[in-house]
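Next come the chains, spelled out residue by residue.
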Amino acid sequence: MAKDEFREFKLVGTRPDRPDGLDKVTGRARYGADISAPGMLWGAVVRSPHAHARIVSIDPSKALALDGVKAVVTRADFPEGLTGEDWNLQENTIAGERALYDGHAVAAVAATSKLLAEEAARLIAVEYEVLPHVIDVDDAIKPDAPVIRAGAADASVPEGMPPNVVRYMDFGRGDVEAGFAEADLVMERSYKTEATHQGYIEPHACLGQLGADGKGEMWVCTQGQWYIRKMCTAVLGLDASQLRVTPSEIGGGFGGKTTIFMEPLSLALSRKAGGKPVKIVMSRSEVLRATGPTASASMDVKIGLKKDGTITAARAEFRMQGGAFPGAPVDMALYCCFAPYNLTNVAHVGYDVLANRPKCAAYRAPGSPMGAFAVESLLDEMCRALKIDPLQMRLKNAVKEGDKSSYGPRFGSIGLIETLEATQAHPNLSIKLGPNQGRGIAAGYWFNHNGETSVSLAISEDGTAQVSVGTPDIGGSRASIALMTAETLGIGYEDVRVNVVETGALGVNEPTHGSRATFASGKAAVIAAGHAIKEMCRRAATEWGIEPEAVEWVNGAAQPAGPNAGKHPPMTIAEIAGKMGQTGGPISGHHESVPEGVGASFGCHVVDVEVDPETGRTTILRYLVVQDAGRAIHPAYVEGQYQGGAAQGIGWALNEAYIYDDKGRLANPVFLDYRIPVASDLPMIDTVIVEVPNPGHPYGVRGVGETGITPPLPAIANAIEDAVGVRMAHLPMSPATVLAALKARG
Amino acid sequence: MRYHTPSTFRDAAQIAAGASGVTRFLAGGTDVLVQLRAGAVIPDDLIDLKKIAGVYDIARTGDGGWRIGIAVPGIALGAHEALRAEWPGVVEGMELVGSTQVQGRATLTGNLCNGSPAADSVPGLVAAGASVEVTGPDGQRTVAVQDIPSGPGKTSLKPGELISAILLPARGDHAGDAYLRFIPRSEMDIAVVGCAVSLRLDGDTVTEARVALGAVAPVVKLVPAAAQAIVGTALDDAALDKLAAAASAACAPIDDKRGTIAFRTEVAGVLAKRAAKIAYSRAKGDRA
Ligand SMILES: Cc1cc2nc3c(=O)[nH]c(=O)nc-3n(C[C@H](O)[C@H](O)[C@H](O)COP(=O)(O)OP(=O)(O)OC[C@H]3O[C@@H](n4cnc5c(N)ncnc54)[C@H](O)[C@@H]3O)c2cc1C
């Protein structure tokens, strides 16, 4: 933390301009919808207006009769016989026998213009037989709920469970009943959170081209080009290597762009239209109705606490729906919810439940915000009851290196205690609050992730370097990877260009997800730079006629290592690169692995709110994010991640929610009624970057993208209670619900 | 779609009278074009009124009031010092509409004729006692603003009729108005409840008042009982409570994604009090 007095590194930890900045502010950056091709057609998608319906017939004749309409596809244009998640993806791409949610794609059409495609889509006649539907998770788990899909449960679900339960989990350790018996106070509460959407500014867009020979190309806005390739080829029954996928610049993803939606439709339409490229750009309504929001949750938590603040036992039972397919992040929610605390007695039970909603996708720390809302809310209420300082309670129970986590594995190096101590020291905590104002504190956790990674680095003839990575830059990874590469090679930040490349250029990469890009691609780039350095030392050694081991790399140049190696002036990277054609050819380095050494990240948030007691409206007065980054490679980007996570969490806490009408249709598929915070809703969000370096990464990186969305939900609920004395257990804490709670209290 | 650019209101009325399909007038287009792009309303005839002379003018009328052209955007209304000084509540209602970009286009007339119960400029106009000049194929008539909306998305204008100007009465002395809306966020949102109050004082005593509510009924509502609650008082706490009760009692809202019946009813009273206090202090001469 004492970076200002002592700097270990020349570049790591500085804040240079972002490499994509000029392109983005001048409009030159090319996003998904900016890509066009000669002879291109436009695609439009016909979507179910029903939450649950049998598709009786689809008649495209009127659409096909229009001049300029080139192809219509339905499920019949996709191969049969898929299983498991491949089948789920196909079924979600285009409905088979039944439409499973409002917005589910039923058919798609390609035409010579966007307007024509949209008109043709309106002319495709679909006959439906409407079926009973279920939306809420507590309704969906009832034994007599409408059955979304018989036989969808996996082996984890015991006999006799309600029909929409598709995964079940039950794990823990110790004896929770004995633990509750030891406590001075045992409380049990139920909580609910509603589905929310990532709300990225850029709607999904792609341009797909597929010939009769099974060879294809796709340009697409995505967090992961190899996932697009794998999923599209699975859904269409193609060979993975025959599809080349190029990612565009990306206007946000937050997990929602790690899977496929309309991409296979563009390929199927292209194939049917004789191989012409087909572009599909979603509207905002399509994004909200038919991409991958997060799950909604219903949660029961029971905790035992001693007067001295020790947690004696904890139990969580979570029910989540993630749409009409398995995959609600109930497991993640359970793993994360007690992770900040050192527990001997802990129990978890989880249900993944189907409902007539879109298939959920990842959303920033999937599951963790819901679990944190329940657990951190209850702990706060209990601290109030026992008059214990909530920060002291958290310090008392905080996990440290070597402790067994609540979900099993032992923690490596972690920085929760340092994070809580930095929070305690922050001046925001001593600001006096006025009437109807309150302060709330909560902690949060995310594992972080490694994943398949392949990176290639090449030294150019002039001694600059290019790095090819497979992880799209959604949070500043190009800047961070350039900083780490330049630091390693001993050259300038501007001398490194990091390119996010297409699937044909590297081995398989997982998407930018799990806060992994700066960790995994960054680590691979540093290792690749090490290979290039070794080769450059070898070339210098050859020229000097000494052993390669007698050469070391210092400040961007090869030099003899010690007096025994002989007297030679340093040979710079530019000198070595300038003659590489004569000394053995191109100089490069590459690295492929699932990088070991992931470092988890804990955070603690403190929010001050003011509640208008006459309208129930909550204003965020002050907001503080404290989080362990391991090491902040580019601190401005780290702060941006902290602030972005907090902003999304604030939206989720206060106003965002999927609202359904009684027919199961999404009632708010526009940003007017799906209320993400606007800039004027938020104060400047204060940040403190704690740095407990991750020993598993050459520069100490943990990964910072996700933890920040977990504490806001409970922190704001805790602050509202502090301000006006009502405990909100159901998100969002909109003015109407807060006012109703105030009235109910009287 | 046929796009027309008539040069007089009479021509516009005639085109509209002769059209048989979906017809829309184009003022700022911030409702019309959004609805068109969303595929919600695709007009057969689109009649652009911005080529008609005088539609961008704000002019003093013979009786000391104002005549506001149908294409005057929010930003021009806000920049008009004299109008703003006399009718701050009307101006602030319009200025709440949309963002800076939307303000460059959006008009009072369009806001009124779009027929939204939540239209932000309409309660202020109703409280002000504003009227509109209506031009039809057969001539002109003047109609009170509160009589224009007839239901969500609907107006009482007959086929072929359109508004040719907004008319504000003379303000007179010791008077003030104010508009407040409740939204969950701080900007770029739609009123869950809106309330405008216009009043006149004699010393400390309210002698005249008009109270209008938005988003609590199918149309913006003038609430005489709420006005009566404060006339003859110095806006003491008892009068404010009566005002709030009368405003809440006038509400006939719906439960929807934007707010509940209970919430809208309660907050209508809260906003009425708050708006009345602002109007009162403006009438006293505070330029806040
Ligand atoms: C981003 C955004 C934010 C917005 N925020 C708000 C808000 O906060 N509050 C709010 O109240 N509104 C809001 N609106 C809606 C809209 O901006 C307002 O209703 C605006 O005042 C409409 O005026 P206009 O001139 O653009 O109308 P137009 O779109 O041109 O017309 C609207 C309607 O009026 C009719 N019309 C126009 N002129 C006449 C005439 N002379 N005679 C008869 N009928 C006529 C048209 O046929 C049409 O039906 C918002 C819109 C957008 C896009």
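Definitions and limits used
- Numbering of residues begins from 1 in every chain and follows the order in which that chain's sequence is written.
- Whichever chain is written first becomes A and whichever ligand is written first becomes 1, with later ones labelled in order.
- The predicted origin of the model limits local features to residues at a pLDDT of at least 70 and limits the giving and counting of side-chain atom pairs to 80 or more, whereas totals for whole chains, interfaces and linings rest on all residues.
- Hydrogens and waters are ignored; side-chain quantities use all the structure's heavy atoms.
- Under this scheme, a helix contributes an axis fitted over its contacting stretch, all axes are lines through C-alpha atoms, and angles between N-to-C directions fall in the 0 to 180 degree range.
- The numbering of helices and of strands both runs from the N terminus, where a helix is a DSSP run of H or I of at least 4 residues and a strand a run of E of at least 2.
- By definition, any crossing whose near helix is turned counterclockwise from its far helix by less than a right angle is left-handed, and any crossing with a clockwise turn is right-handed.
- Should any heavy atoms of two residues lie within 4.5 Å, those residues are considered in contact.
- For this classification, the nonpolar set comprises Ala, Val, Leu, Ile, Met, Phe, Trp, Tyr, Cys and Pro, the charged set comprises Asp, Glu, Lys and Arg, and every other residue, Gly included, is treated as polar.
- In short, buried area is how much 1.4 Å probe accessible area vanishes from two parts on joining, totalled over both.
- A side-chain nitrogen of Lys or Arg and a carboxyl oxygen of Asp or Glu constitute a salt bridge if their distance falls within 4 Å.
- Throughout this description, a polar contact denotes any pair of N or O atoms lying within 3.5 Å of each other; where both atoms belong to protein, one of them has to be capable of donating a hydrogen while the other can accept it, and for residues adjacent in sequence the pair is counted only when both atoms sit in side chains.
- Geometry of aromatic contacts follows a simple scheme: Phe, Tyr and Trp rings, the Trp one being its six-membered ring, pair when their centres are within 6.5 Å, and the pair is stacked under 30 degrees between planes, edge-to-face over 60, tilted otherwise.
- Between buried and exposed lies partly exposed: a residue is buried under 20% and exposed over 50% of the maximum accessible area for its type, with that area taken using a 1.4 Å probe on protein chains only.
- Note on terminology: near, applied to a residue and a molecule or strand, indicates that one of the residue's heavy atoms is within 4 Å of it.
- Working definition of accessibility: Shrake-Rupley area with a 1.4 Å probe, residue cover restricted to the visible protein chains.
- Bear in mind that the domain bounds are from an automatic or database domain assignment.
- If DSSP finds at least two bridges between two strands, the strands pair.
- To count toward a patch, a residue needs a relative accessible area over 30% and no salt bridge; like charges are then connected within 9 Å, while nonpolar side chains (Val, Leu, Ile, Met, Phe, Trp, Tyr) are connected within 5 Å.
- His is not counted, nor are the chain ends, whereas Lys and Arg count as positive and Asp and Glu as negative.
- To locate a charge, the coordinates of NZ of Lys, CZ of Arg, CG of Asp or CD of Glu are taken.
- Note on terminology: a nonpolar core comprises buried Ala, Val, Leu, Ile, Met, Phe, Trp, Tyr and Cys residues joined through side-chain atoms within 4.5 Å.
- One number per residue, pLDDT, summarises how confident the predictor is, and it ranges from 0 to 100.
- To sort the angles, those under 35 degrees are grouped as roughly parallel, those over 145 as roughly antiparallel, those from 65 to 115 as roughly perpendicular, and the leftovers as oblique.

Here we look at the packing of helix α11 (residues 368–386) of chain A against helix α12 (residues 390–397) of chain A
If you want to describe how two helices pack, look at the angle between their axes and the distance between the axes.
Residues and elements named next belong to chain A.
Inference 1: It is the contact of α11 with α12, at a shortest axis distance of 9 Å, that shows an interaxial angle of 115 degrees. Classified by chirality, the crossing of α12 by α11 is right-handed. Residues E376, L379, D380 and C383 of α11 lie in contact with α12, whose contacting residues are P390, M393 and R394.
Inference 2: Its residues assigned to classes, the contact of α11 with α12 shows four nonpolar, no polar and three charged.

Examining the interface of chain B and chain A
Inference 1: Counting residues at the interface gives 19 residues for chain B, matched by 23 residues for chain A.
Inference 2: Of all residues in chain B, B:P184, B:R185 and B:K257 give up the largest surface area on contact with chain A, accounting jointly for 35% of the area buried on that side.
Inference 3: Taken together, chain B and chain A are joined by six salt bridges.
Inference 4: A:D673 is paired through a salt bridge with B:R258; the nearest N and O atoms lie 2.6 Å apart.
Inference 5: Remark: the boundary between chain B and chain A carries 13 residue pairs in polar contact (both at pLDDT 80 or more).

Topic: the packing of aromatic side chains
Residue and element names in this part refer to chain A.
Inference 1: For the structure on display, the rule yields 17 aromatic pairs over all chains.
Inference 2: For the ring pair Y445 and F602, a centre distance of 4.7 Å and an interplane angle of 35 degrees mean the geometry is tilted. Residue Y445 is found in strand β16 (residues 437–446), and its partner F602 is found in strand β24 (residues 601–611); the two are separated by 157 residues along the sequence.
Inference 3: Residue classification places Y445 among the buried positions, given a relative accessible area of 2%.
Inference 4: On the basis of relative accessible area, F602 is assigned to the buried category, the value being 0%.
Inference 5: Seen from their ring centres, W446 and F447 are 4.8 Å apart, and the 70 degrees between their planes marks the pair as edge-to-face.

Examining the site of the ligand
Residues and elements named next belong to chain B.
Inference 1: Contacts to the ligand come from 31 residues, most closely from G28, T30, D31, T107 and D120.
Inference 2: Contact between the ligand and V32: an oxygen atom at 2.8 Å from a main-chain N or O atom of the residue.
Inference 3: In this structure, D120 approaches the ligand through a side-chain N or O atom, which is 2.7 Å from a nitrogen atom.
Inference 4: The protein chains hide 87% of the 990 Å² of surface that the ligand would expose on its own.
Inference 5: A per-element tally of the shell around the ligand places helix α7 (residues 108–113) first, with four residues.
Inference 6: Tallied by class, residues from the shell around the ligand come to 17 nonpolar, nine polar and five charged.
Inference 7: Summarising the domain contributions, the shell around the ligand has at least three residues from each of domain 1 (2–116 + 131–168) and domain 2 (175–283).

Here we look at the side chain of A:T453
All names here are of chain A.
Inference 1: Relative to the helices and strands, T453 resides in strand β17 (residues 453–459).
Inference 2: Given a relative accessible area of 3%, T453 falls into the buried group.
Inference 3: Here R516 takes part through its side chain, which lies 2.9 Å from a polar atom of the side chain of T453.
Inference 4: Ignoring sequence-local partners within four residues, the contact set of T453 consists of V508, N509, R516, A520, S521, A524, H591, E592, S593 and P595.

Overview of the sheet that holds β24(A)
All names here are of chain A.
Inference 1: Taken in spatial order, the four strands line up as β16-β24-β25-β26 in an open sheet, and their pairing is mixed. Each end of this open sheet is capped by a strand with a single partner; those strands are β16 and β26 (686–690). Between one strand axis and the next, the sheet turns by 15 degrees as a mean value, whatever way the strands run.
Inference 2: In this structure, β16 lies alongside β24, joined through 10 bridges in antiparallel fashion.

Some remarks on a negative patch on the surface
Inference 1: On the surface, a cluster of negative charge is contributed by A:D17, A:E461, A:D462, A:E494 and A:D495.
Inference 2: Residue position: A:D495 is located in the loop between α14 (477–489) and β19 (496–500).

A few points about the domain arrangement of chain A
All names here are of chain A.
Inference 1: Domain annotation for chain A reports domain 1 (21–28 + 450–593) and domain 2 (367–448 + 599–745).
Inference 2: When each unit is reduced to the centre of its C-alpha atoms, the spacing between domain 1 and domain 2 is 38 Å.
Inference 3: Contact residues are listed per partner, giving 16 residues for domain 1 and 17 residues for domain 2.
Inference 4: Where domain 1 abuts domain 2, roughly 1200 Å² becomes buried across the two surfaces, and 64% of that area is made up of carbon and sulfur atoms.

So, the nonpolar core
Residues and elements named next belong to chain A.
Inference 1: Membership of the largest hydrophobic core comes to 97 residues, with the highest contact counts inside it found for I303, F318, F338, Y445, I716, I720 and M733.
Inference 2: Excluding its chain neighbours within four sequence positions, the residues that come into contact with M733 are A653, L654, L713, I716, A717, I720, M728 and V738.
Inference 3: Formed by 50 residues, the second largest nonpolar core is a distinct cluster that contains L11, A528, W544 and I587.

Re the domain arrangement of chain B
Residue and element names in this part refer to chain B.
Inference 1: Splitting chain B by domain gives domain 1 (2–116 + 131–168) and domain 2 (175–283).
Inference 2: For domain 1 and domain 2, the distance between their C-alpha centres works out to 25 Å.
Inference 3: At the junction of the two partners, domain 1 supplies 15 residues and domain 2 supplies 12 residues.
Inference 4: Across the interface of domain 1 and domain 2, roughly 1100 Å² is buried in total on both sides, 56% from carbon and sulfur atoms.
Inference 5: Of all residues in domain 1, the largest losses of buried area upon contact with domain 2 belong to E92, L96 and Q146, amounting jointly to 40% of the total for that side.
Inference 6: Inspection of the domain 1/domain 2 interface yields one salt bridge.
Inference 7: The salt bridge partner of R282 is E92, with a shortest N-O separation of 3.0 Å.
Inference 8: If you look at where domain 1 meets domain 2, you find five residue pairs in polar contact (both at pLDDT 80 or more).

Points about the confidence of the model for chain B
Detailed reading of the predicted coordinates is not advisable wherever pLDDT is low.
Inference 1: Here chain B averages 96 in pLDDT, and 99% of its residues register 70 or above.
Inference 2: Two summary scores accompany this predicted model of the complex, namely pTM at 0.96 and ipTM at 0.94.

Some points on the pairing of strand β13 (residues 296–305) of chain A
Residues and elements named next belong to chain A.
Inference 1: In terms of residue burial, β13 counts as a mostly covered element, since nine of its 10 residues are buried.
Inference 2: Here strand β8 (residues 185–193) pairs with β13 via nine bridges, running antiparallel. Note on β13: the bridge partner recorded for E188 is K302.
Inference 3: With 10 bridges joining them, β13 and strand β14 (residues 311–321) adopt antiparallel strand pairing. If you follow L305 over to β14, its bridge partner there is I311.
Inference 4: The hairpin turn running from β13 into β14, its antiparallel successor, is five residues long, and G309 in that turn takes a positive phi close to 95 degrees.

Topic: the side chain of A:D331
Residue and element names in this part refer to chain A.
Inference 1: With respect to the helices and strands, the residue D331 is situated in helix α10 (residues 330–337).
Inference 2: Judged by its relative accessible area of 16%, D331 is buried.
Inference 3: Here the side chain of D331 touches R167 through a polar contact of 3.0 Å, side chain to side chain.
Inference 4: Excluding residues within four positions of it along the chain, D331 makes contact with R167 and M169.

A word on the pattern of salt bridges
Residue and element names in this part refer to chain A.
Inference 1: What the rule picks out here adds up to 62 salt bridges over all chains.
Inference 2: Close ionic contact of E91 with R75 constitutes a salt bridge, the shortest N to O distance being 2.6 Å. Separated by 16 residues along the polypeptide, E91 in helix α3 (residues 84–93) and R75 in the loop between β3 (69–73) and α3 bring together distant segments of the chain. Residues E91 and R75 agree in their burial class; the two are buried.
Inference 3: Via salt bridges that share partners, D136, D138, K192, D300, R315, E317 and R319 belong to a single interconnected network.

Here we look at the packing of helix α20 (residues 735–745) of chain A against helix α11 (residues 261–283) of chain B
Inference 1: Two elements in contact, α20(A) and α11(B), have axes whose closest approach is 10 Å; the angle formed by their N-to-C orientations is 80 degrees. Between α20(A) and α11(B), the crossing angle belongs to the class labelled roughly perpendicular. Mapping the contact onto sequence places A:P735, A:A736, A:L739 and A:K743 in α20(A) and B:F263, B:E266 and B:V267 in α11(B).
Inference 2: The class makeup of the residues in the contact of α20(A) with α11(B) is five nonpolar, no polar and two charged.

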